[in-house]
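Descriptive structure summary
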Amino acid sequence: MPQKFSWSFSGGTPSGAGANEGGSVEVDAITSAEVTLAKASADRALALQIDDVEKLAFFILTSSINDGSVGVKADTATRTKITGPLILYGEAIKLFAGDLQTLTLKNASATDAADITILMGFKLD
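A brief look at the structure comes next. (Residues numbered from 1 in each chain as written. Predicted model: local features only at pLDDT ≥ 70, side-chain atom pairs only at ≥ 80, totals over all residues. Heavy atoms only, no water.)

Considering the overall build of the protein chain
Stated precisely, the cut-off is as follows: Secondary structure elements follow DSSP: runs of H or I of four or more residues count as helices, runs of E of two or more count as strands, with numbering from the N terminus. The cut-offs for exposure are 20% and 50% of the maximum accessible area for each residue type, with area from a 1.4 Å probe on protein chains only; residues under the lower value are buried, those over the upper are exposed, and the others partly exposed. By the convention used here, residues are in contact when the closest approach between their heavy atoms is within 4.5 Å. Using the Shrake-Rupley algorithm and a 1.4 Å probe, accessible areas are obtained, with residue cover drawn only from the displayed protein chains. Under the convention used here, Asp and Glu are negative, Lys and Arg are positive, and both His and the chain ends fall outside the count. Where a charge lies is defined by one atom per residue type: Lys uses NZ, Arg uses CZ, Asp uses CG and Glu uses CD.
Helices and strands together make up the secondary structure of the protein chain, namely 1 helix and 10 strands. Going from N to C terminus, the protein chain has its helices and strands arranged as β-β-β-β-β-β-β-β-α-β-β. The dimensions of the protein chain, computed from C-alpha atoms along their principal axes, are 45 × 40 × 25 Å. The burial tally for the protein chain puts 35% of its 125 residues in the buried class. Restricting to contacts in the protein chain with at least 6 residues of sequence separation, those with at least 24 account for 74%. Working note: accessible area of the protein chain is about 7300 Å², and carbon and sulfur atoms make up 51% of it. Once the 10 positive and 15 negative side-chain charges of the protein chain are each reduced to a mean point, those two points are 7 Å apart.

Encoded structure:
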């Protein structure tokens, strides 16, 4: 049964420059995953088992550490350092990954564990 996923984004500076946008998308399924990466961890594979990113309406990855210590990579892509939420919507998902069978995560922080949350919305037809 399709469900509506509502989203909003806002950010700004004291000088007034910023962005404020919101909307919604109908999806057939929503899946989430959570993992904690120990401090100074080696690569950790997270099997998402998604071979067709065309079916994803959105992909959101957040980390409790946003200083670039946490890195993520999919398929053969270059590792992306997380400095804030990774929010991919529609066609932008394909720019990040050709497939999401497995994400490789790493926490290089010498002092803190990192809590990673992933939220994905699917269109099944």
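There's more to say after this.
Brief notes about the sheet that holds strand E7 (residues 80-81)
Let me state the cut-off plainly: Paired strands, in this sense, are two strands between which DSSP finds at least two bridges.
Strand order in the open sheet made by the 4 strands is E4-E9-E6-E7, with antiparallel pairing throughout. With partners counted over all chains shown, the strands left at the sheet margins are strand E4 (44-50) and E7, one partner each. Summarising the sheet, E4 and strand E9 (residues 100-107) pair through 5 bridges and their orientation is antiparallel. Counted as the bridge partner of Ile50 is Leu100 from E9.

What to know about the packing of aromatic side chains
The condition that has to hold: The pairing test for Phe, Tyr and Trp rings, Trp by its six-membered ring, is centres within 6.5 Å, and the orientation test on the planes gives stacked under 30 degrees, edge-to-face over 60, and tilted for anything in between.
Applying the stated criterion across every chain yields a total of 3 aromatic pairs. Judged by centre distance (4.1 Å) and plane angle (20°), the rings of Phe5 and Phe58 are stacked. Of this pair, Phe5 sits in strand E1 (residues 3-12) while Phe58 sits in strand E5 (residues 56-63); the two residues are 53 residues apart in sequence, bridging distant segments of the chain. An identical accessibility class is assigned to Phe5 and Phe58; each is buried.

Here's the deal with the layout of surface pockets
For clarity, the cut-off: Cavities and pockets are found on a 1 Å grid laid over the protein atoms alone: a cavity is a set of points where a 1.4 Å probe fits but cannot escape, a pocket is an open set with protein on both sides within 12 Å along at least five of seven lines, and a lining residue has an atom within 4 Å of such a point. Grid points are joined across faces, edges and corners, and a volume is the space filled by probe spheres set on the points. Each residue is assigned to one of three groups, with Ala, Val, Leu, Ile, Met, Phe, Trp, Tyr, Cys and Pro labelled nonpolar, Asp, Glu, Lys and Arg labelled charged, and all others, Gly among them, labelled polar.
The space that makes up the largest pocket amounts to roughly 150 Å³. Forming the walls of the largest pocket are Phe5, Trp7, Ser8, Phe9, Phe58, Ile60, Ile87 and Tyr89. Where the lining of the largest pocket is concerned, the elements lending two or more residues are E1, E5 and strand E8 (86-89). Among the elements that line the lining of the largest pocket, the one with the most residues is E1, at 4 residues. Its residues assigned to classes, the lining of the largest pocket comprises 7 nonpolar, 1 polar and no charged.

Some points on the pairing of E9
Inspection of the sheet shows strand E6 (residues 70-74) paired to E9 by 5 bridges, in the antiparallel sense. Looking across to E9, one finds that Val72 is bridged to Leu105.

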